[in-house]
Amino acid sequence: MTTHLPERVIIDAEFVDDEHDDPQGAADGGTTRNTKTSADGRATAEDAAADNTAAAEGPDISARLAAALARQGRREYTALREGLTVLKTETGTWASASRETPAHLRASLLNRRYSTWTARQAAEVEDLEEKASELEKKARRATAAGQSDEASTADHKQATTVAAALNAEAADWRERARAIQRQPYTGHIDPTDAELERHRRRTANKRRTGLAVLTLALGGLELAVGNLALPTITTAGLLLTAWAKGRIPGWRRELPDVPALAYEIATGKPAKDKKDNKEQVAAAPFDGALFPGDTGKPFHIHDVTVPAVAAECVRRALLAEDVPLAHVGEPVQHPWGWEVVVRVSEGTSGDIGDKLGALETKFDVGDGDVILQPNRKRTSEAVLRVVTGDLFGAMKPAPYRAPHSVDITTAGTFGMSADGTDLTFSLAELMGEVIARSGGGKSTLIRALLDWTTAAYNAVTVFLDPSGDGPGKFEDAVALTSTSPIQIEFALLSLYRLAAGRARIRRKLGMGDTWKCSREHPAVFVFVDEFPKLTKRSKQIIAELMLVGRKEGVWLIFAAQGATKELLGSNISQHPALKIMGACRDTDTTQALGGGAIDWGYLPHRLQPKSGDNLNDVAKTYIVGAPGVSEDPMLHKWHHIPDDEGGRRAAERAAAGLVDVDQASIDAALSAPNPPSLVFKDVEDGEYLHYVAWPDLLAMCAEDDDDFGPEPAEETDLPLLLTALWEAFEKHGCPDFLPTDQVLDHLATTGDEWRQWDEREPAHRRREGVKKISRDLKKVGIAELSTVRRFDLDAENPPSGYRLSDIEAAITKLTKKHAA
């Protein structure tokens, strides 16, 4: 929120002096009169006229002041409301510990383990020291008793023997205490994900308990005092805090930095014993001079051939950049350069990403040749690759795939990963995006994907490109290609209806919860290039298709030069599970992968696109969400299929016959309704979008014909609640029956009015939610839509819910009513 300063109040007034005419006087008498003062100090008649003028202007000034105060009051009220929301959100997230990152939880849990261990160790030592002290006191008393005047020689000898025995036992206890103090700490073991989640829940429970105790104590104190003073002070304090949080964004709670570990595994000592950052490095410096005149400063890595020297080179470079280095593993030499595992003692290994440019200078390598791959499962550790050659020099060419030889549900090989393995994953059930600026290699990797899908015996390939370039040499192997923005709208609506129709017949075909791809019932792959150039309506249909297509075997991958909302028209870049990021901007990285992506080591913004004849980092990407691909931020390079080879493969596949959509899906699409949330009127040319069946669509796109069938029906504006009910069914794959709880869960995403019963019992929430749905539908003329109970699902406790047929009937009735 932006903090608003109070508006200045400007009071307009006329100042009349001896050198200017009095307008009031001129108006009254038609002559110029000057303001004068008589000799005895009394005001003249002109002064009186001026006073009358000021008096007349007084009400206007008061009104302006009142208006300004009212505006300022509204601003302060808005700030208070926003502050209350912020305070509530901050309290909720703090109490649930939901904002704590794995790094915070790891540091907290490890420090908790260490503090528990040290406390137990200190208690054991203290207990032993107390025992030793008590024995020493007894020894001193025995010695004193043996030296008294009444003691005999035998008593003295006996006392000396007892004191010596007591002192020896005390020394034994003290030696045990010292042995415990010397015991090394062995509990510094990185927690698993399950342990981190348990620690999050434990932290949240403690915070909630503390908050409840504080609230009860404050309430009890207010009741004990028995007057309004303390409640008034408490309320005023809360309101003042909320107002400050609304007015001053800097007062809002921010997640603190990851706390330092109390125990440094590199030194085997508590962190407070660390005197110098360089003392904690586990990898010892190289013993002896590395070369004549070695001064201990960083040096270049090009001529290094010995792993120990390479480790020292990495160690010096990292320490020179103030990296809190804890460990440098043994480097491994590859034909392309060096690979080494490093660990930090503070923060996360992703923090090294800010130092890569400076490290490239110290190693004397090119821009982008120092590559960081943080370990997501051990945040202190990362793989550092220093490239002195070609990182992907050993990449094999794209494998040959015969027509109808690929099962689309299996994993395909699309290139090579930085760790030397093949880039292999399955595209099945994935919605994806490709983000790379011009020269980043979007066309290269999309055609690598096309080479896989067009060779499948159980997949239909569709390519939509409003820029007009199309799939290049692979066009003959693509079942449907469209480069016309209007044709693309019809194609997307047809594909949406295809998915919606499949949702109705999937279980009837015995497929279960997801579409089972086969020769008889193939999947449909939709590639959309240059997403920003699509019409607004096409983007809207894609958003709807991504909600229902995954389970129905209609899978979409779109490509764009950026991931920001301004470029794509919405925040759709956050939705797909598969994210392929090539050379782009840092804002594209954070928009698509989240605000912490760069800190985690996803650095596609450091990749350089093609420049002239220099390929740079073309077709190199980071990948998130691909099954079987490393979860760590690793660099990958995609296969390049030359145009002549791509054309040869496409012609071969076209000759073998292209896969087509099954007739059952086409028939089901005919009865599937258009999504009511879409706007069907084209505001530019006045035409209406209507459904075109798949066979007709193929013929029309092949002929490049813009005449798409009969005139559509008039556009109907459906009530928002009815649209939301439809979307609830659509979200769950258009089942015949949807329980009330799931309907209310979806409605809760549309507005706060549907969340008012969240804290109540489920039965109360269902009862009140159904009442509100009925009231709101009656207001728009729909009185017959109600819940039903399914005794066939559970005879003893039948669930209540809505039928899809009832929703469709209400939509049809309302449409006919509007048409009439």
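Our structure is the block above this text.
The structure presented is a predicted model; accordingly, all values stated were derived computationally and were not measured.

### Concerning a nonpolar patch on the surface
For step 1, the next point in the chain: A contiguous nonpolar patch, built from Trp94, Leu211 and Leu214 and spanning about 260 Å² of accessible area, is present on the exposed surface.
For step 2, the next point in the chain: Within the secondary structure layout, leucine 214 lies in helix α5 (residues 193–225).
For step 3, the next point in the chain: You can call leucine 214 exposed: its relative accessible area is 56%.

### Concerning the pattern of salt bridges
For step 1, the next point in the chain: Scanning the entire structure with this criterion turns up 34 salt bridges.
For step 2, the next point in the chain: Overlapping salt bridges bring together Arg401, Asp451, Glu645, Arg648, Arg649 and Arg653 as one network.

### Considerations on the sheet that holds strand β12 (residues 480–482)
For step 1, the next point in the chain: Spatial ordering of the open sheet is given by β9-β8-β17-β16-β15-β10-β14-β13-β11-β12, a layout of 10 strands whose pairing is mixed. If you trace the sheet from one side to the other, it starts and ends with β9 (422–425) and β12, each paired once. Here the strands of the sheet are splayed against their neighbours by 25 degrees on average, with no regard to which way each runs.
For step 2, the next point in the chain: Strands in contact with helix α13 (residues 586–593) are β10 (432–435), β15 (578–581) and β16 (620–624); relative to β15, the strand with the most contacts, it is inclined by about 170 degrees.

### Digging into empty space enclosed by the protein
Over the atoms rolls a probe the size of a water molecule, and its path tells where empty space is left.
For step 1, the next point in the chain: With the rule as written, the count across this model stands at 4 cavities of 30 Å³ or more.
For step 2, the next point in the chain: In this model, the largest cavity occupies a volume close to 90 Å³.
For step 3, the next point in the chain: With 3 residues, the top contributor of residues to the lining of the largest cavity is strand β11 (residues 459–464).
For step 4, the next point in the chain: Taken together, the residues of the lining of the largest cavity break down into 9 nonpolar, 5 polar and 1 charged.
For step 5, the next point in the chain: Taken as a whole, the second largest cavity encloses approximately 70 Å³ of empty space.
For step 6, the next point in the chain: Lining the second largest cavity are Leu356, Gly368, Val370, Ile371, Leu372, Leu603, Arg606, Leu607, Tyr622 and Leu635.
For step 7, the next point in the chain: Residues that form the lining of the second largest cavity fall into these classes: 8 nonpolar, 1 polar and 1 charged.

### Examining the pairing of strand β17 (residues 635–638)
For step 1, the next point in the chain: Two strands pair when backbone bridges link them, and strand β8 (residues 412–417) and β17 are joined in this way by 3 bridges, in the antiparallel orientation. Within β17, the residue paired with glycine 415 across the bridge is tryptophan 638.
For step 2, the next point in the chain: In the sheet, β16 pairs with β17 via 3 bridges, with the strands oriented antiparallel. In the sheet register, lysine 620 faces β17, and the bridge partner there is lysine 637.

### A word on helix α10 (residues 485–505)
Residues lying three or four places apart along an α-helix face the same way, a consequence of the helix completing one turn every 3.6 residues.
For step 1, the next point in the chain: Under the 1.5 Å per step criterion, the end-to-end length of α10 is 31 Å for 21 residues, consistent within 8% with the ideal 30 Å.
For step 2, the next point in the chain: For α10, the tally of buried residues reaches 18 of 21 residues, placing the bulk of the element in the interior.

### Digging into the packing of aromatic side chains
For step 1, the next point in the chain: For the coordinates displayed, the defined rule picks out 10 aromatic pairs.
For step 2, the next point in the chain: On the basis of an interplanar angle of 85 degrees and a centroid distance of 6.3 Å, the ring pair of phenylalanine 425 and tryptophan 638 is categorised as edge-to-face. Within this pair, whereas phenylalanine 425 is found in strand β9, its partner tryptophan 638 is found in strand β17, the two being separated by 213 residues in sequence.
For step 3, the next point in the chain: Note on phenylalanine 525 and phenylalanine 527: the rings are 6.4 Å apart at their centroids and 20 degrees apart in plane angle, and the pair reads as stacked.
For step 4, the next point in the chain: Note on phenylalanine 525: relative accessible area 0%, which makes it buried.
For step 5, the next point in the chain: Note on phenylalanine 527: relative accessible area 2%, which makes it buried.
For step 6, the next point in the chain: Among the aromatic residues, those joined into a ring-pair cluster are Phe414, Phe425, Trp452 and Trp638.
For step 7, the next point in the chain: Sitting over the face of the ring of tyrosine 691, arginine 497 holds its NZ or CZ atom 4.0 Å from the ring centroid.
For step 8, the next point in the chain: It is arginine 519 that lies over the ring of tyrosine 457; its NZ or CZ is 4.1 Å from the centre.

Here is what the cut-offs are and how they apply
Residues numbered from 1 in each chain as written. Predicted model: local features only at pLDDT ≥ 70, side-chain atom pairs only at ≥ 80, totals over all residues. Heavy atoms only, no water. Patch = residues over 30% accessible without salt bridge, like charges linked within 9 Å, V, L, I, M, F, W, Y side chains within 5 Å. Areas by Shrake-Rupley, 256 points an atom, 1.4 Å probe, with all protein chains shown as cover. Salt bridge = Lys/Arg side-chain N within 4 Å of Asp/Glu carboxyl O. Helix = DSSP H or I, 4+ residues; strand = E, 2+ residues; numbered from the N terminus. Buried < 20%, exposed > 50% of the residue type's maximum accessible area, 1.4 Å probe, protein only. Pairing = 2+ DSSP bridges. Axes fitted to C-alpha atoms, helices over the stretch in contact; angles between N-to-C directions. Contact = heavy atoms within 4.5 Å. 1 Å grid on protein atoms, 1.4 Å probe; cavity = no way out; pocket = protein on both sides within 12 Å on 5 of 7 lines; lining within 4 Å. Points joined across faces, edges and corners; volume = space filled by probe spheres on them. Nonpolar A, V, L, I, M, F, W, Y, C, P; charged D, E, K, R; others polar. Expected span 1.5 Å × (residues − 1). Phe/Tyr/Trp six-rings, centres within 6.5 Å; stacked < 30°, edge-to-face > 60°. Lys NZ or Arg CZ within 6 Å of the ring centre and 35° of its normal.

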